[in-house]
Amino acid sequence: MSVMPPPLAPAVPQESGKMEVGEHWRRLHPLSPIVRFGRVLIGVIVVAVPSIAEQPALHHDNGLPVSVIIYIGLLVLGGVGGFISWLVTRWRIADGNLQIETGFIRRQSLRIPLARIQAVDVISPLSGRFLGLAEVRVVSAGRGAEHGRLAYLTAAQAPVVRARLLALAHGLEVGTPEPAALPLLHVQNGLLLPALLMRSQVLAPVLIAVAAVAAIAAAPLVGAGALGSAVTVFVISALGVARAFNEDFDFSISEAGDGVRLDRGLLQRRHETIPYGRIQAVRVVEPFFWRPFGWARLEVDVARQSVSREADRDAQQVARTLIPVASREQALWLLARVMPDAHPNPPPEAGPPSRARLKAPLSFHFLAAWFGQRYVYARTGRVQKSTIIVPLVKVQSVRLKSGPLQRAFRVATVDVDTAGRRWQASARCRDEAEALEMVRHISERARLSRRVPPPLPASAAALPAAG
Amino acid sequence: MTTVVTQQIVGPGELKRLSPRFWLARQTQLAIFWGPVFLASLVLALLVNVSAADLLPVVVALLACTAWLVERGRYRSWGYAEREDDLIVTRGLMFRHVSVVPYGRMQFIDVTAGPIDRAFGLATVQLHTAAAATDARIPGLVRADADALRDRLAMVGEAKATGL
């Protein structure tokens, strides 16, 4: 394959000739260390500059002060370290593997079988965007903790590498362009911000603050204390909103052959893929203050192995929101794309027995659990309504629990476990006999659907008008 | 409720119980803990010249009896059934659990034995699926039974394996 035609990338056809990503070893972009350690660099400068400026020794003429020398030494050391790490890191695609070799003292060779690649994400952090660099992150099955990271390639090269990895992973011709994505939904930033602000963890402290201001008039001491704590909580939640806004800015979701694509981010742009087969559960969330507007949020839970490692914490953040905010109709339409034939509206008999009102007084009004031919549904929540939908094909085990208090009310909980890490469908407060029936039926249907997945209805509904 | 499960999910007589040796092992464990505690309380009651201290051995003995009863209930609550396509495990006295684990979902099977288990020739078989919450564990099987169960499970697991 040494005389290989250059792969045709639809995004950048004019440059494709220069960027064949072939079998020979390649290095990452020379500016990679600067992007990788950019944050540390900025941190050092932020710490160093004021402390140096305050040094009285700076104004003497007998050479540089010691601290400046130390800081410069640190920078040089870091620079040399970064350069060496860049020098010894190389990668190639060969023998059905993505091979990455790195490490100067402790050599590390990572081989990711192309057939096991589940998704290839392109992530451009802010500093990388200034320099025109992007990271290619390969998510593979069975190695949740160890992703193949190519940080960094040029912004033009990254999509080409991505397309090539995907093509090879699917056993297609090398030059096959990335499958075209069909845009599904785009979230207006003007909708995202108010929606984020309307979440109860933001509005509750505001309401507390208002109450505190009112209380100051009546009892200044108590009111001031409440105001102080409300301000603290408010600052924390404001940071949370800013972070969520930064992450989900300019959010758009599209559908490609291999899964749904998410493009999002203000400072750090992410282009992620969630393969359909990897989705273990979907959650429809309707926060309390969103209900007057009829908004909903969709989240997914994807399969992964061990997540205990520190390094995977970032990957854990990846792709958990399917749509940050949409009208309920749009959210349900999107749900139907991801999980065909799922109906998250409970049938009338899905509620718990009325005696459970005392067992779960705060969430009784939302509790519901039911199952169909393809999915198990469980709705819970006290102020925020959240419905978890688990495909029967993905059920790993079914468990029934009943504690002493539950037995007093003759109810039991049925948990449906999946390989996802975030939630399990938990049918709380079911009648004892019904819970046993659920365990029996769900495990039976899960068994059947593993053998022969139930057929899909052929109709695909059109997108409802924006609400 | 375990009996209800026996009738509703598992056919009568299908639910296997743990080896009586497991109960012996558990009693040994209890004796190892409560014996010295009881002796210590007895010594304390004899040494300390406070009338309330005389009650201490009685309290300890009552606690030990309660522990013994609870442990016995727990031992009796354990049960498992190998069905055609899944394994059912029941356990728990206060908090009762019934787990259904399809063979096709098993990722690997552990057989472990602690020092007391080994002294009694026992072992614990634990099933792992891709879900972290799956808690199918069968303690107190006779070593040979445990190995046989592991081999059987591994075989059917292989035959019925499905991906994630």
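For chain A, the count of helices and strands is 13 helices and 20 strands. Counting across all 467 residues of chain A, residues that qualify as buried make up 35%.

So, about the domain arrangement of chain B. Residues and elements named next belong to chain B. Each assigned domain of chain B is listed here: domain 1 (20-74) and domain 2 (80-158). A separation of 31 Å is found between the C-alpha centroids of domain 1 and domain 2. Listed by partner, the interface residues are 9 residues for domain 1 and 9 residues for domain 2.

Residue and element names in this part refer to chain B. For helix α2 (residues 20-47), built from 28 residues, the straight-helix expectation of 40 Å at 1.5 Å per residue is met to within 8% by its first-to-last C-alpha distance of 40 Å. The axis of α2 is deflected most strongly, by about 25°, at Trp34, and proline Pro36 appears within four residues downstream. Elements that come into contact with the buried residues of α2 comprise α3 (55-77), α4 (115-119), β5 (122-129) and β6 (137-142).

Residues and elements named next belong to chain A. Here chain A averages 80 in pLDDT, and 84% of its residues register 70 or above. Per-element confidence in chain A ranges from a low mean pLDDT of 46 for helix α9 (residues 313-317) to a high of 93 for strand β16 (residues 375-380). Low pLDDT (under 50) marks residues 1-19, which in the prediction has 32 contacts with non-local residues, meaning those over four places away or in another chain. Segment residues 305-318 is flagged for pLDDT under 50; beyond a separation of four residues in sequence, or across chains, it makes 17 contacts in the model.

This part covers the nonpolar core. Residue and element names in this part refer to chain A. Grouped together as the largest cluster of nonpolar side chains are 114 residues, with contacts concentrated most on Val282, Ile323, Val376 and Val439. The element best represented in this core is helix α5 (residues 157-169), accounting for 7 residues. Among residues more than four places away in sequence, those in contact with Ile323 are Leu185, Val187, Ile253, Arg297, Leu298, Ala331 and Leu334.

It is worth spelling out the pairing of strand β6 (residues 133-140) of chain A at this point. Residue and element names in this part refer to chain A. Judged by how many residues are buried, β6 sits mostly within the fold: 8 of 8 residues are covered. The alternating pattern of β6 places Leu133, Glu135, Arg137 and Val139 on one face and Ala134, Val136, Val138 and Ser140 on the opposite face, and all of these are buried. Relative to β6, strand β5 (residues 117-124) runs antiparallel, the two sharing 6 bridges. The partner of Asp121 across the bridge, within β6, is Arg137. Here β6 pairs with strand β7 (residues 148-154) via 5 bridges, running antiparallel. Bridge pairing links Val136 to Leu150 in β7.

What follows covers the packing of helix α7 (residues 200-218) of chain A against helix α8 (residues 220-248) of chain A. Relative placement of two packed helices is described by the angle separating their axes and the distance separating the axes. All names here are of chain A. For the pair α7 and α8, the least separation of the axes is 8 Å and the interaxial angle reads 160°. On the basis of their axis angle, the class for α7 and α8 is roughly antiparallel. Relative to α8, α7 is oriented so that their crossing is left-handed. Between α7 and α8, the residues in contact are Gln201, Val202, Pro205, Val206, Ile208, Ala209, Ala212, Val213, Ala215 and Ile216 and Pro220, Val222, Gly223, Ala224, Ala226, Leu227, Ala230, Val231, Val233, Phe234, Ser237 and Val241, respectively. The residue makeup of the contact of α7 with α8, split by class, is 19 nonpolar, 3 polar and no charged.

What counts as what
- Residues numbered from 1 in each chain as written.
- Chains lettered and ligands numbered in written order.
- Predicted model: local features only at pLDDT ≥ 70, side-chain atom pairs only at ≥ 80, totals over all residues.
- Helix = DSSP H or I, 4+ residues; strand = E, 2+ residues; numbered from the N terminus.
- Buried ≥ 20, exposed ≤ 12 C-beta atoms within 10 Å, placed from the backbone.
- Domains from an automatic or database assignment.
- Contact = placed C-beta atoms within 7 Å.
- Expected span 1.5 Å × (residues − 1).
- Bend = angle between axes of the 7 residues up to and from the residue.
- pLDDT = per-residue confidence, 0-100.
- Core = buried A, V, L, I, M, F, W, Y, C linked by C-beta atoms within 7 Å.
- Pairing = 2+ DSSP bridges.
- Axes fitted to C-alpha atoms, helices over the stretch in contact; angles between N-to-C directions.
- Parallel < 35°, antiparallel > 145°, perpendicular 65-115°, else oblique.
- Left-handed = near helix turned anticlockwise from the far one by under 90°.
- Nonpolar A, V, L, I, M, F, W, Y, C, P; charged D, E, K, R; others polar.

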